[in-house]
Amino acid sequence: MKRVTIQSSRTYDCVIGQGLLEQLGMLMRAAGLQAERALLVSDTRVTPLYAAQAAASLEAAGYRCSMHVFEAGEAHKRLATVEGMYAALATHGLGRGDVIVALGGGVVGDMAGFAAATWMRGIRFVQAPTTLLAQVDSSVGGKTAVDTRAGKNLVGAFWQPSLVVADVDTLDTLPPAAFADGMAEVVKTACIRDAALLAKLEAKTPRGDAPELEAVIARCVDIKRAIVEEDERDAGVRGLLNFGHTVGHALERYSDYTLSHGSAVAVGMVVMARAGESLGVTVPGTAARLTRVLTAYGLPTHTDARPSDWAPLMMADKKRHGEKIDLVLLREMGDAVLHPIDVQEAIAQVLP
Ligand code: NAD
Ligand code: GLY
């Protein structure tokens with residue numbers, strides 16, 4: 001088991017290892033979570049796989065556990081779903097001293113976290129991520145959100161979890177496409193801060209090798225820890241974690257959230273590597289190398305959608321300040337920078 005401690009407005013541990021779901025309640029007690037009630041929040045795909053095990057573990061540790069399940073999928077990452085969570089919190093009588101446990105991928109974690117941030121102006125929550133994407137990225141750092149018609153993740157709050165329990169065994173049931181989505185964020189993390197990790201991923205996939213997966217996840221969490229500790233509220237360096245996301249979020253929204261987050265980010269990273277090369281910021285050949293590694297992990301690297309249709313949606317990006325936007329560009333693999341640029345020029349850069 002590996003443990004990464006994140007020191008931000010709340011200090012908490014992220015534990016990563018095998019067989020952790022059955023220790024969930026005990027790990028929460030060990031982290032000092034003295035709540036009476038716990039609301040376990042999950043989606044319709046994860047619930048039949050892991051909810052009974054998680055609930056039994058919470059009950060065994062003395063929590064009075066209730067369950068709330070919502071329809072799986074990014075299309076349900078909206079305020080109406082969070083309202084369903086508020087109704088469950090009220091029905092089961094959760095108060096300020098109680099705890100929400102998010103069991104699932106980034107969609108569950110982002111929304112259960114938002115419900116925790118806002119219920120009674122904030123109650124504690126625990127992340128039990130079950131996708132690779134959520135274990136390497138979304139469960140750590142306290143960004144919680146829902147999508148709106150105006151754009152992706154535009155309504156949300158910074159609200160740190162009290163504990164993250166990442167059981168790598170749960171990744172065994174991930175469909176290949178969902179595993180690939182997680183690899184997009186792993187490759188992203190390597191691109192911005194760790195060229196050696198990228199070389200390791202190029203040599204061999206970690207899928208099916210639990211100790212290797214544990215090591216890769218812990219490395220990604222540690223990189224994110226360092227960034228979040230420096231800039232919890234996303235006013236500077238944290239923007240680097242959004243490499244590929246300005247284009248990715250526009251593509252997700254353009255597809256009406258039928259394109260997965262990981263796939264959209266994969267395309268977005270290649271677009272940004274090409275833009276960086278044409279702006280003279282990125283070492284030539286970077287886009288080609290990125291394309292090879294993403295393709296090897298089954299991820300898309302281009303979109304058939306016309307850029308003139310989706311590029312203007314980049315205007316809704318949270319990294320836009322008036323007429324300027326901070327693009328995340330690579331100088332080389334493992335070294336990302338924020339590159340302020342005129343929004344219209346940014347849009348022109350992604351057009352062929
Ligand atoms: P997801 O939560 O929709 O999970 C993908 C699919 O896998 C879902 O159908 C889910 O039910 C299923 N699933 C989950 N665990 C499973 C398992 N162990 N076995 C089988 N199926 C399983 O999506 P995701 O890719 O985990 O997360 C994407 C979301 O995360 C996006 O909304 C994105 O905006 C958000 N995100 C947030 C942050 C952050 O910092 N908060 C960072 C990155 C991404
Ligand atoms: N995934 C981007 C961030 O946490 O800042």
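The sections below set out a description of the structure shown in this document. Please read these numbers as outputs of a predicted model, since none were measured by experiment.

### Some words on the nonpolar core
Judged by nonpolar contacts, the single largest core of 72 residues is most densely connected at Ile16, Leu132, Val187, Ile217, Phe243 and Leu290. Residues in contact with Phe243, not counting those within four places in the same chain, are Lys188, Cys191, Ile192, Val265, Met269, Met272, Leu290, Val328 and Leu330. Judged by nonpolar contacts, the second largest core, of 26 residues, contains Leu20, Leu24, Ala51 and Ala128.

### Digging into helix H4 (residues 106–118)
For H4, spanning 13 residues, the distance from its first C-alpha to its last is 18 Å, which sits close to the expected 18 Å at 1.5 Å a residue. Within H4, 12 of the 13 residues are buried, which leaves the element mostly enclosed by the surrounding structure. Along H4, the positions that sit buried rather than exposed are Gly106, Val107, Val108, Gly109, Asp110, Met111, Ala112, Gly113, Phe114, Ala115, Ala116 and Ala117. Met120 sits one or two positions beyond H4 and adopts a positive phi of about 50 degrees.

### Regarding the site of ligand 2
Around ligand 2, the surrounding shell consists of Asp137, Lys143, Lys224, Arg238, Leu241 and Asn242. A distance of 2.7 Å is found between an oxygen atom of ligand 2 and a side-chain nitrogen or oxygen belonging to Lys224. The contact in question runs from an oxygen atom of ligand 2 to an N or O atom on the side chain of Arg238, over 2.7 Å. Here ligand 2 loses 89% of its free accessible area of 200 Å² to cover by the protein chains. Taken together, the residues that form the shell around ligand 2 break down as 1 nonpolar, 1 polar and 4 charged.

### Here we look at the sheet that holds strand E5 (residues 99–104)
What the 7 strands build is an open sheet, ordered E1-E2-E9-E6-E5-E3-E4; its pairing is mixed. At either margin of the open sheet sits one strand with a lone partner, and together these are strand E1 (2–7) and strand E4 (64–70). Strand-to-strand twist across the sheet, computed as the mean angle between neighbouring axes with direction ignored, equals 15 degrees. Taken together, the 6 bridges between E1 and strand E2 (residues 11–17) define a ladder with antiparallel strand orientation. Across the sheet, the residue bridging to Ile6 is Tyr12, located in E2. Strands strand E3 (37–43), E4 and E5 of the sheet are contacted by helix H3 (residues 79–91), whose axis makes an angle of about 155 degrees with E4.

The rules behind these values
- Residues numbered from 1 in each chain as written.
- Chains lettered and ligands numbered in written order.
- Predicted model: local features only at pLDDT ≥ 70, side-chain atom pairs only at ≥ 80, totals over all residues.
- Heavy atoms only, no water.
- Core = buried A, V, L, I, M, F, W, Y, C linked by side-chain atoms within 4.5 Å.
- Buried < 20%, exposed > 50% of the residue type's maximum accessible area, 1.4 Å probe, protein only.
- Contact = heavy atoms within 4.5 Å.
- Helix = DSSP H or I, 4+ residues; strand = E, 2+ residues; numbered from the N terminus.
- Expected span 1.5 Å × (residues − 1).
- Near = heavy atom within 4 Å.
- Polar contact = N/O pair within 3.5 Å; in protein donor to acceptor, adjacent residues only side chain to side chain.
- Areas by Shrake-Rupley, 256 points an atom, 1.4 Å probe, with all protein chains shown as cover.
- Nonpolar A, V, L, I, M, F, W, Y, C, P; charged D, E, K, R; others polar.
- Pairing = 2+ DSSP bridges.
- Axes fitted to C-alpha atoms, helices over the stretch in contact; angles between N-to-C directions.

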